[in-house]
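Summary of structural features
Listed here are the chains, written in short residue letters.
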Amino acid sequence: MFSAPPPWGVAYSGGADSTALLLAAAQRWPGQVHALHIHHGLQAAADDFVRVCRSVCAGVSVPLHVVRVDAGHASGESPEDVARRARYAALALAAQQHGLAGVLLGQHADDQVETLLLALSRGAGLPGLASMAAQFERHGAAFYRPLLQITAASLRQWVVAQQIPFLDDPSNTDERYTRNRIRARLLPALDQAFPQFRRTFARSARHAAQAQGLLLEIAQQDLMAAGAPPAIAALQVLSQPRQANLLRHWLQQQRATPSAAQMAQLLRQVAACTTRGHQIHLKVAAGHVIRQGAVLHYLPAAGKAVPSVDPVGLASL
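Residues numbered from 1 in each chain as written. Predicted model: local features only at pLDDT ≥ 70, side-chain atom pairs only at ≥ 80, totals over all residues. Heavy atoms only, no water.

Attention now goes to the nonpolar core. Formed by 27 residues in total, the largest nonpolar core has its most connected members in V10, Y12, L22, V33, A35, L64 and L104. Contributions of two or more residues to this core are made by β1 (8–11), α1 (16–28), β2 (33–39), α2 (46–60), β3 (64–70), β6 (141–144) and α6 (152–162). With six residues, α1 is the largest single contributor of residues to this core. (Core = buried A, V, L, I, M, F, W, Y, C linked by side-chain atoms within 4.5 Å. Buried < 20%, exposed > 50% of the residue type's maximum accessible area, 1.4 Å probe, protein only. Helix = DSSP H or I, 4+ residues; strand = E, 2+ residues; numbered from the N terminus.)

Structural data, given as structure tokens:
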């Protein structure tokens, strides 16, 4: 799974899952593991987590780096999304500053199921149904999820057997969040009805990921033929599903993810574009797709503030 040699960073929250990952990594790569703790400052218990992390890391001789981030969200933004973006940016920065080959994440089989169920509830396409990738890159850093085949219960049992302290995030029981409702209500019911659901759901996610990978290859080939930005005439000779695949890939390169309704409208506009005078000016994501002569262009909206990482807050404890 790992495409480079250590040293590795472990995203270490102080919870059971990341504690299991930290201990396993430290046992496998002695002296070549760093713990990376993100301090969002969003909970009263945040300082308690830092204290536990400091104690555990001292006990297993793993250096701990704490990054304080500003994960405040603007009106209309999802607090979870903003915090997640800030967390990945902070982890990538810490990995680069400490010369780490990559960052190991503690998501497990239950997390993968929750992600798939969330995607289904939102009517997601293949990228969503593929759920969480075992490895990916973000902000110039490599990330790995080595625990996707292991259940949450197994991880917790192993940490308890090691007699290593951990804390439970109090927000994990707040059923105002959809993921927590899935964890508290759906997973126990699935356990009773389909005891092997974690394995079979994960297999479905892998099938979706393989299919999405194939669509990506086709989109890259089609975009190369159509040009970037894409020529309208080149789009029109493709089937509509293939047009949608190309356009979605091109728009994602512009950091724009169209809704299903926006994509359907864009396809109608491309099909109707049979004269020089036909204009296209369609809102997609936060910007607009426009026609300029024979090609499409994407005009992004004014940039939004990105959650900041305080370089001063990057400290070794």
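Back to the write-up after that little detour.
What follows deals with the environment of F2. Along the chain, F2 falls in the segment before β1. Remark: the alpha-carbon pair of F2 and A101, spanning 99 residues in sequence, is separated by 9.4 Å. Ignoring anything within four residues of it in the chain, the contact list for F2 reads W8, R28, W29, L104, Y144 and P146. (Contact = heavy atoms within 4.5 Å.)

Let's shift gears to the sheet that holds strand β9 (residues 295–299). Reading across the sheet, the three strands line up as β7-β8-β9 and stay open at both edges, with antiparallel pairing between neighbours. With one partner strand each, in any of the chains shown, β7 (281–284) and β9 form the two edges of the open sheet. Direction aside, the axes of adjacent strands within the sheet are offset by 30° on average. Of the pairings in the sheet, the one linking strand β8 (residues 287–292) to β9 comprises five bridges and is antiparallel in character. Its bridge partner being in β9, H288 is matched across the sheet by L299. Most of the contacts of helix α11 (residues 260–272) go to β7, to which it runs at about 160°, and overall it touches β7, β8 and β9. (Pairing = 2+ DSSP bridges. Axes fitted to C-alpha atoms, helices over the stretch in contact; angles between N-to-C directions.)

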